[in-house]
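A structural walkthrough
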Amino acid sequence: MHSSAPPVRTHGEPSSFHDMMAEQLRHAPWLLVSVAAHAIALVLLWLLMPPVRARAKENAVAVTLPDEVAPVLPPPPVDPVPVVEPIEPTVVLDPVEVPVAAPDDAAATSDVESREPADAGTTLIGLNPIFHGGVPGRPGHPGGPGGGGGCPQKNIDAALEWLARHQDGDGRWDCDGFMKHDVDGEPCDGPGNAVHDVGVTGLALLAMLGDGNSLRQGRYRDQVRRATLWLRDQQQENGRIGGAAASDFVYDHAIATYALCEAFGLSAYETLRPTAQGAIDYLQAHRNPYGAWRYQPRDGDSDTSVTGWCVLAMCSGKHFGLQIDDNALRLADTFLESCTSPDGQVGYRRAGELSARRPGKHGVLFPPERTDALTAVGLFCRFFLGQDPAERPVMRGAAGRLQARVPSWDSKAGVIDFYYWYYGSYAMFQVGGPAWREWAKALGRAILPTQLTAGNAKGSWDPIDAWGEDGGRVYSTAILALTLQVYYRYGRLVRAGR
């Protein structure tokens, strides 16, 4: 039989864990009650609280973050598209000051044989480019005649100043009304024929361009710009510059074409290309089939005088990259050959024919047998066409004729012929040597002392030559300024010993 009383522990016997717990429970019966109460409270609290996972899910929906927005960046900078005006220069260079040589006879005696062209190779046309340091060949430039001299620049400057003072605001030179600009003092005399405004404007523009001015630079760049714009505005749909009222209108067109080709090329203005090309195209359409040029288009008649200006214009256009019919230049050479006598003399429409003169007293005042103007035209054109006197004896014969008839300001003898002196100077410069030196001395004696030095006419020349009645004072001043620019306008077109 078992007893329900706890076992009695004797002194010294160790107590077990069970015994100790039993002892404590006997003395503290309320402990169990407290533990049970707490357990029941915890169970009730668990039942009343929502599941933790559900609350977390609920909170995740309530606190959803917005999507990340990429920052908006400003667009990258865009370079502005340059606006190119049709004529206004985008780059304007300051004019170059050039030393001035005294206009004395010594200037005309300089030996220019030592001058070399800018291009070491043989060129069709040796147009000198424009430099910051001056135009090659001017006084003070190491490439000039005689190593730095020989050009009467003071006279050229005076002529260009006169032309600038007498240019109309719209850009033209008024052949018969230029004196309207002489508001103080006695006005200039010497009007020309009103139908030649295009021609004299072309000559004046050529004189400005020949001195180193262009649409981009130079003291007279504004005058160059206005003249170029005016000529451009006179162009018809068929390419002709100006009207056709005068019987010899093609002279004016050819000179204007020559000027526009140089304005385009020397200024590097692509916007002028269509204008210059259109003018060239008209010349090519005007030319006689299997022949050269004269007054009317394709009428089967040709003459040396008109053909000369056309050859210069076409060669200039070719030099500056315009489209040229090379066959036209070959046929011009053939025509010149047909007009050339064995001694080198070049006739008007055929060999042996003298220069043309208007009916009446014109031939009496200026006897055609006292000029070799057409021989000069033919000789210079042959140089432009790339011919060499070493291979063409008639060129040496032509140079001999010009050497025997040098410029002379003798109104009584009827030998004042600026047209002849212009072509003769450029042809003889190409010949070089003693023949050129002799011509240059005579040229200086003829035109340097006769340039006017006072009043509104200061810088100009009286139009008392064979064609002064047609071109007037603008013509005489422009063509003689061009004539004096022979010292630096072109390089040698044919190299010696090639």
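Refer to the structure printed above.
Anyway, here's the lowdown on the structure attached to this text. (Residues numbered from 1 in each chain as written. Predicted model: local features only at pLDDT ≥ 70, side-chain atom pairs only at ≥ 80, totals over all residues. Heavy atoms only, no water.)

**Remarks on the overall build of the chain**
The helix and strand tally for the chain stands at 17 helices and 0 strands. Looking at the 498 residues of the chain, the share that counts as buried comes to 50%. Contacts in the chain between residues far apart in sequence, at least 24 positions, make up 71% of those at least 6 positions apart. Summed over all atoms, the accessible surface of the chain reaches about 24400 Å², with 58% contributed by carbon and sulfur. (Helix = DSSP H or I, 4+ residues; strand = E, 2+ residues; numbered from the N terminus. Buried < 20%, exposed > 50% of the residue type's maximum accessible area, 1.4 Å probe, protein only. Contact = heavy atoms within 4.5 Å. Areas by Shrake-Rupley, 256 points an atom, 1.4 Å probe, with all protein chains shown as cover.)

**Considering helix α11 (residues 326-338)**
Taking 1.5 Å per residue, 13 residues should reach 18 Å; α11 reaches 19 Å between its end C-alpha atoms and fits that length. Of all the positions in α11, only Ala328, Leu329, Leu331, Ala332, Asp333, Phe335 and Leu336 are classed as buried. N-capping of α11 is provided by aspartate 325, with a side-chain oxygen placed 3.0 Å from the backbone N of asparagine 327. (Expected span 1.5 Å × (residues − 1). Polar contact = N/O pair within 3.5 Å; in protein donor to acceptor, adjacent residues only side chain to side chain.)

**Some details on the environment of valine 311**
Its place among the elements puts valine 311 in helix α10 (residues 304-319). On a C-alpha basis, the gap between valine 311 and alanine 254 in space is 8.9 Å, while along the polypeptide they are 57 residues apart.

**Comments concerning the packing of helix α9 (residues 273-286) against α10**
Remark: α9 packs on α10, axes separated minimally by 11 Å, with the N-to-C direction vectors making an angle of 135°. Compared by their axis directions, α9 and α10 come out oblique. Viewed along their axes, α9 and α10 form a crossing whose handedness is left-handed. Contact residues: α9 offers Ile280, Leu283 and Gln284, while α10 offers Cys310, Ala313 and Met314. Per-class residue counts for the contact of α9 with α10 are 5 nonpolar, 1 polar and no charged. (Axes fitted to C-alpha atoms, helices over the stretch in contact; angles between N-to-C directions. Parallel < 35°, antiparallel > 145°, perpendicular 65-115°, else oblique. Left-handed = near helix turned anticlockwise from the far one by under 90°. Nonpolar A, V, L, I, M, F, W, Y, C, P; charged D, E, K, R; others polar.)

**Some details on the pattern of salt bridges**
Inspection of the entire model under this criterion finds 27 salt bridges. Two residues, aspartate 157 and arginine 219, come together in a salt bridge whose shortest N-O distance is 3.7 Å. Placement of the pair is aspartate 157 in helix α5 (residues 153-165) and arginine 219 in the loop between α6 (197-210) and α7 (221-233), with a sequence separation of 62 residues. Residue classification places aspartate 157 among the buried positions, given a relative accessible area of 15%. (Salt bridge = Lys/Arg side-chain N within 4 Å of Asp/Glu carboxyl O.)

**Re the packing of aromatic side chains**
Going through the model one piece at a time under the given rule, you end up with 19 aromatic pairs. Relative to tyrosine 487, the ring of tryptophan 436 has its centre 5.9 Å away and its plane inclined at 65°; by these criteria the two rings are edge-to-face. In this pair, tryptophan 436 is assigned in helix α16 (residues 433-447) and tyrosine 487 in the segment after α17 (468-484), connecting sequence segments 51 residues apart. For tryptophan 436, a relative accessible area of 0% corresponds to the buried category. According to the relative accessible area criterion, tyrosine 487 is buried, its value standing at 2%. Joined through ring pairs, the aromatic side chains of Trp309, Phe380, Phe384, Tyr419, Tyr422, Tyr423, Tyr426 and Tyr490 make up one cluster. Of note, arginine 216 hangs over the ring of tyrosine 269, and the distance from its end group to the ring centre comes to 4.4 Å. For arginine 240, the ring lying beneath its charged end belongs to phenylalanine 249, and the centroid distance is 6.0 Å. (Phe/Tyr/Trp six-rings, centres within 6.5 Å; stacked < 30°, edge-to-face > 60°. Lys NZ or Arg CZ within 6 Å of the ring centre and 35° of its normal.)

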